[in-house]
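# Observations on chain architecture
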Amino acid sequence: MPRFIVIVAAVLALGAAAQAQTPLPAPPRPGSGAPAHPAAADAAAARRENATISIQDIAHLDGQGRSPLHGLGIVLGLKNTGDSGSELALARPLAQAYANVGNPLPELKDLAKAKSAALVWVDCTVQESGAHVGDVLDVKVSAAYGASSLEGGTLIISPLTGPIPGDPIWAYASGPIVTEDAKFPTVGRIRRGAMVVKDISMPAITGSFNLVVDPNFRGWTTVRALAIQIADLRSNPDPAASAEGQTPSSPIAKVLDEMTIQVTIPADERADPANFIASVLSSRFSPALLDLPAMIIINERAGTIVATGDVELSPVAIAFKDMVVTTTIPPPVGTPNNPLIQRD
């Protein structure tokens, strides 16, 4: 995660904690006679209106998920840091690799002095959107037996299958290994080291699909708010809706439980539902509508930070190396001699 995201998360977390310990006084109501600065009120209102998120930030299509691939491989080119060739765990697959290229070894004992090879575990993750033939993915390589370091090694072509025994081969991995942490030289990475050889597709969407709310946001208030938001996009005005058993006033979103919403694709969109699905996922709304308690949620998958509830930042200053983040309460008021400048 980039450093600036970590810093912002720390600032928001401190602000949320401060709010939980020392609640801020409620703003004065109109007509109460309590003074309220117009600029401060406008700034607070703009902050609440602009704090929008999209549905895809807190929910995903049912059936979409990361697909793990794995396999065993052999790393060559190590400088006396590999496995012992006298161990069958390495000797057998290494002898098979020799045989596959037309150079079979008569005896396994011929590999007894090998220290330049290592048996490794190869991992690869396919993202939620799936993968197409020819796509290249990053690969993680870990020593699987007794190698002390994989630095400088190269993974020979290794098949990658699914997590269930008997799964077909989905990709092949190979390439030079880069050890990213000197403290753990037995773990490395191959950038763009796996090539997909068979399409990995998500379930097809036909007449309807389910939206599953992410764990941090699940609840009846959340699914209710999302269903209302989706229903506002379309209320089945097309004539073909009646043929599908829908009335012009019937909603297209139905709450199934506290984490699942069933969305019916309008009849006139089903021939090409991509636009409708995109409009649902990109629909934006205020997180305040979810009626969630004040908390900070970091979505690493989407790369977003969401502040739920009416989170306010208390006076705080955080210094991280050359970066300093400060907040001021109450908000300053601009003047002709000292105007407020906002940079985006």
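Keep in mind the model is a prediction, meaning the values are calculated, not measured. (Residues numbered from 1 in each chain as written. Predicted model: local features only at pLDDT ≥ 70, side-chain atom pairs only at ≥ 80, totals over all residues. Heavy atoms only, no water.)

### What about the sheet that holds strand 2 (residues 59–61)?
Strand order in this open sheet of four strands is 2-9-11-10, and the pairing throughout is antiparallel. One side of each edge strand has no neighbouring strand; the edge strands of this open sheet are strand 2 and strand 10 (253–257). Ignoring strand direction, the axes of neighbouring strands in this sheet form an average angle of 30 degrees. Across four bridges, strand 10 lies against strand 11 (residues 260–264) in antiparallel orientation. Along strand 11, the bridge assignment pairs V255 with I261. (Pairing = 2+ DSSP bridges. Helix = DSSP H or I, 4+ residues; strand = E, 2+ residues; numbered from the N terminus. Axes fitted to C-alpha atoms, helices over the stretch in contact; angles between N-to-C directions.)

### As for the sheet that holds strand 3 (residues 67–76)
Read around the closed barrel, the six strands follow the order 3-4-5-8-7-6; overall the barrel is antiparallel. This sheet shows a mean twist of 30 degrees between the axes of neighbouring strands, independent of strand direction. Judged from the three bridges that link them, strand 7 (residues 169–176) and strand 8 (residues 187–196) form a sheet pairing that is antiparallel. Residue pairing across strands places A173 opposite A194, the latter belonging to strand 8.

### Some words on the pairing of strand 11
Pairing of strand 9 (residues 208–213) with strand 11 involves five bridges; the strand directions are antiparallel. Across the sheet, N210 pairs through a bridge with Q262, a residue of strand 11. Between strand 10 and the antiparallel strand that follows it, strand 11, lie two residues.

### A look at helix 4 (residues 88–100)
When the terminal C-alpha atoms of helix 4 are compared, their 18 Å separation across 13 residues agrees well with the 18 Å that a helix rising 1.5 Å per residue should span. Those residues of helix 4 that fall on the buried side of the exposure criterion are L90, A91, L94 and A95. Each buried residue of helix 4 sits inside an arc of 120 degrees when the element is viewed along its axis, so together they form one side. Of the exposed residues in helix 4, the ones pointing more than 90 degrees away from its buried face are R92 and N100. Turning to helix 4, the residues buried within the fold contact strand 3 and strand 4 (118–126). (Expected span 1.5 Å × (residues − 1). Buried < 20%, exposed > 50% of the residue type's maximum accessible area, 1.4 Å probe, protein only. Arc of directions from axis to C-beta. Contact = heavy atoms within 4.5 Å.)

### Concerning helix 5 (residues 220–231)
With twelve residues, helix 5 ought to run about 16 Å at 1.5 Å a step, and its terminal C-alpha atoms sit 16 Å apart, in line with that. The complete set of buried residues in helix 5 reads T222, V223, A225, L226, A227, Q229 and I230. Buried residues along helix 5 sit against helix 3 (55–58), strand 9, strand 10, strand 11, helix 6 (274–282) and strand 12 (284–285).

### Looking at the pattern of salt bridges
Evaluated as defined, the whole model comprises four salt bridges. A cluster of three or more residues bridged by salt bridges with shared partners is formed by D138, E180, R189 and R191. (Salt bridge = Lys/Arg side-chain N within 4 Å of Asp/Glu carboxyl O.)

### Quick word on the pairing of strand 6 (residues 154–161)
For strand 3 and strand 6, the ladder comprises three bridges, and the chain directions are antiparallel. Residue pairing for strand 6: L76 is matched across the bridge by T154. Note that strand 6 and strand 7 share six bridges and pair antiparallel. Directly across from T154, in strand 7, lies its bridge partner P176.

### Some words on a nonpolar patch on the surface
Among the surface-exposed residues, I157, I169, Y172, M195 and V197 lie close enough to one another that they form a single nonpolar patch of about 450 Å² accessible area. Tracing the sequence through the fold places M195 in strand 8. We classify M195 as partly exposed; its relative accessible area is 45%. (Patch = residues over 30% accessible without salt bridge, like charges linked within 9 Å, V, L, I, M, F, W, Y side chains within 5 Å. Areas by Shrake-Rupley, 256 points an atom, 1.4 Å probe, with all protein chains shown as cover.)

### Here's the deal with the confidence of the model for the protein
Across the protein, the average pLDDT comes to 77, with 76% of residues at 70 or higher. In the model of the protein, helix 1 (residues 3–21) stands out as the element of lowest mean pLDDT, 43, in contrast to strand 7, which has the highest, 95. Low pLDDT (under 50) marks residues 1–37, which in the prediction has 38 contacts with non-local residues, meaning those over four places away or in another chain. Below pLDDT 50 for its whole length, residues 43–50 participates in three contacts with residues either more than four positions away or in separate chains. (pLDDT = per-residue confidence, 0-100.)

### Considering the environment of Y172
Assignment of secondary structure puts Y172 in strand 7. For Y172, a relative accessible area of 37% gives the class partly exposed. It is 5.5 Å that separates the C-alpha atoms of Y172 and M195, two residues lying 23 residues apart in sequence. Among residues more than four places away in sequence, those in contact with Y172 are I157, S158, P159, G193, A194, M195 and V197.

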